[in-house]
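Chain by chain, the residues run as shown.
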Amino acid sequence: THIAQQAGRAELGEDTWGVEYSEVEVGLKDLEGEEFEAVEGSLKATLRDRFPGFSFEVFSFLSERIQETISGSIAPVAVKIYGDDLGDLDRAARDIAEAIGGVPGADNVRPEPQTGQPEVVIRVRPEDAARRNLHATDVLDAVHAAYQGAEVAQAYDRNRIVNVVVILDPKVRNDPDAVANLWISVPNAGSLPSDPSPRGRTRWSVASPEQLTGGRLQLKQVADVFLSDGRFLVRHEGGLRQQLVTCNVQGRDIESFVAEAERRVRDLTLPLGITFTFTGAHEIKQAAQRELLLLGSAAGVGILLILWMAFGSLRRLLLILVNLPFALVGGVAVVFMLGGVLDVGSMVGFVTLFGITTRNSIMMVSHWQHLHEVEGLPWGPDLIFRGARERLAPVLMTALVTALGLLPIAVSWGQPGSEIEGPMALVILGGLVTSTALNLLGLPVLYRRFGARVVASSR
């Protein structure tokens, strides 16, 4: 529907990227999930094939903000490399990028570019500087004073103190070709100290006539001045310099990809002092899964204790829980049909599914217990059949209402924005089918087989 480009950045803008970064906003028409994926794939292929030398990432605004919050990078997988030496960091980044690029599913693997900033390099020639009675610090101090300014005095205006700074004229300072012609003052020297003698005395040598002259000389006489590309960004984290390697994942789940990539990177021989860590979407996913498993396990233990106290029998509690494998069959089948990836949405679906199926089992077992202990029906097939028949409607209504409520979410699976709710709804629907059928058919058989011992023990 529209295309807009954001190039550069505002002076006080919230985005802090450099001039090498640009965003192209592409507005799409209303598309179905498969159509959206096809358009996204076509965009990536077009950008990759028609614009060599550029690196592109295709993402939505929301996913960009989420990825930046997780790892500081817009890529789903990022490797943070830490060290002190910039050269070692660059070499390690290249080696890690090459190793990750060989992992199946890797796409658009690249180290973060940190070079390309034009700069003027001044490299002092120690021999030439020493012949003119100059130290490297003298040369660098002169360059700093000329291009950064040097405080030479202070002026007082009532209670204000104003620093007086000497600096080159802006016309000269902004001309890169004029750096080599910078004049430097050479101090007079009658004699120069040399290395200490073995007896601890300082030996003095007489300076040459060239050293005695003093005066001035140009920077190019004692230093090499040339244009080069420098770093426009040096990342830091935790007091250490950092380099970043990012990549996308295509055709497989992120967790297995990261696990294989970590194995390959650990086999590399990295420079001494270099460490690395993998971060990105898989890290948050693992944290969410651990938290969900921990809280779910704690809630499950509490529920089991309450059920055991309510029914007063461990065997009866096991008969209630036997419906959980019935639900697991359908849920696992749905996960397998969706690609075999157990994401956070699927795990939430399993937790919800277990709650619904347990409720159905409680209705069946508690009604059989009521018929025998309260209404006085003798233990036998008639009691089991009557209990199952009277609980048929409640069990079916529970499953049917839940299914109708989740059906619109399940139908919209694959649409943008349904990444969590879609798998959750499908897992619940698949588990309800198998759990309801087996609850009505299998649970009465099991209760008929093992429930008699419960009745006998209660007597």
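Please refer to the structure placed before this passage.
Residues numbered from 1 in each chain as written. Predicted model: local features only at pLDDT ≥ 70, side-chain atom pairs only at ≥ 80, totals over all residues. Heavy atoms only, no water.

Chemist: Sorry if this is basic, but what is going on with the overall build of the chain here?
Modeler: A count of helices and strands for the chain gives 15 helices and 15 strands. Taken across its 459 residues, the chain has 33% of its residues classed as buried. A separation of at least 24 residues holds for 72% of the contacts in the chain among residues at least 6 apart in sequence. When the accessible area of the chain is evaluated, it comes to approximately 27700 Å², of which 59% is carbon and sulfur surface. (Helix = DSSP H or I, 4+ residues; strand = E, 2+ residues; numbered from the N terminus. Buried < 20%, exposed > 50% of the residue type's maximum accessible area, 1.4 Å probe, protein only. Contact = heavy atoms within 4.5 Å. Areas by Shrake-Rupley, 256 points an atom, 1.4 Å probe, with all protein chains shown as cover.)

Chemist: It is not clear to me how the layout of surface pockets should be interpreted in this structure. Could you clarify?
Modeler: Using a probe with the size of a water molecule, rolled over the atoms, empty space left in the structure can be pinpointed. Considered as a void within the structure, the second largest pocket measures approximately 520 Å³ in volume. Around the second largest pocket sit 20 residues that line it, and Gly296, Gly300, Val351, Phe354 and Gly355 are the ones nearest its centre. Of all the secondary structure elements, the ones that give two or more residues to the lining of the second largest pocket are helix H9 (281-311) and helix H12 (344-373). Broken down by element, the lining of the second largest pocket gets its largest block of residues, nine residues, from H9. (1 Å grid on protein atoms, 1.4 Å probe; cavity = no way out; pocket = protein on both sides within 12 Å on 5 of 7 lines; lining within 4 Å. Points joined across faces, edges and corners; volume = space filled by probe spheres on them.)

Chemist: Would you mind showing me how to read the nonpolar core here?
Modeler: The tendency in soluble globular proteins is for nonpolar side chains to be buried side by side. One finds Ile81, Ile100, Phe257 and Phe278 to be the most contacted residues of the largest nonpolar core, which totals 20 residues. Looking at this core, the elements with two or more residues in it are strand S3 (77-83), helix H3 (86-101), strand S14 (240-249) and helix H8 (254-266). Ranked by residue count, the leading element in this core is H3, at six residues. Sequence-distant contacts of Ile100, defined by excluding residues within four places in its chain, comprise Val79, Ala106, Val109, Val245, Cys247, Phe257, Ala261, Val265 and Phe278. Listed in part, the 17 residues of the second largest apolar core include Leu319, Met363, Leu383 and Val395. (Core = buried A, V, L, I, M, F, W, Y, C linked by side-chain atoms within 4.5 Å.)

Chemist: What exactly am I supposed to notice about the pattern of salt bridges here?
Modeler: Inspection of the entire model under this criterion finds twelve salt bridges. Glu375 is the salt-bridge partner of Arg386, the closest N and O atoms lying 3.2 Å from each other. Of this pair, Arg386 sits in helix H13 (residues 381-390) while Glu375 sits in the loop between H12 and H13, and the two are eleven residues apart along the sequence. Judged by relative accessible area, Arg386 falls into the partly exposed class, the value being 26%. With its nearest N and O atoms 2.8 Å apart, the salt bridge here joins Glu390 to Arg386. Placement of the pair is Glu390 and Arg386 together in helix H13, with a separation of four residues, close to one helical turn. Of the residues examined, Glu390 reaches a relative accessible area of 31% and is grouped as partly exposed. A single salt-bridge network, built from bridges that share partners, covers Arg125, Asp128, Arg131 and Asp224. (Salt bridge = Lys/Arg side-chain N within 4 Å of Asp/Glu carboxyl O.)

Chemist: Got a minute to help me understand the pairing of strand S6 (residues 150-157) in this structure?
Modeler: Taken residue by residue, a regular strand's side chains alternate between the two faces of the sheet. Taken together, the seven bridges between S6 and strand S7 (residues 160-166) define a ladder with antiparallel strand orientation. If you follow Glu151 over to S7, its bridge partner there is Val165. Hairpin connection from S6 to S7: two residues lie between these consecutive antiparallel strands, with Arg158 at a positive phi of about 55°. (Pairing = 2+ DSSP bridges.)

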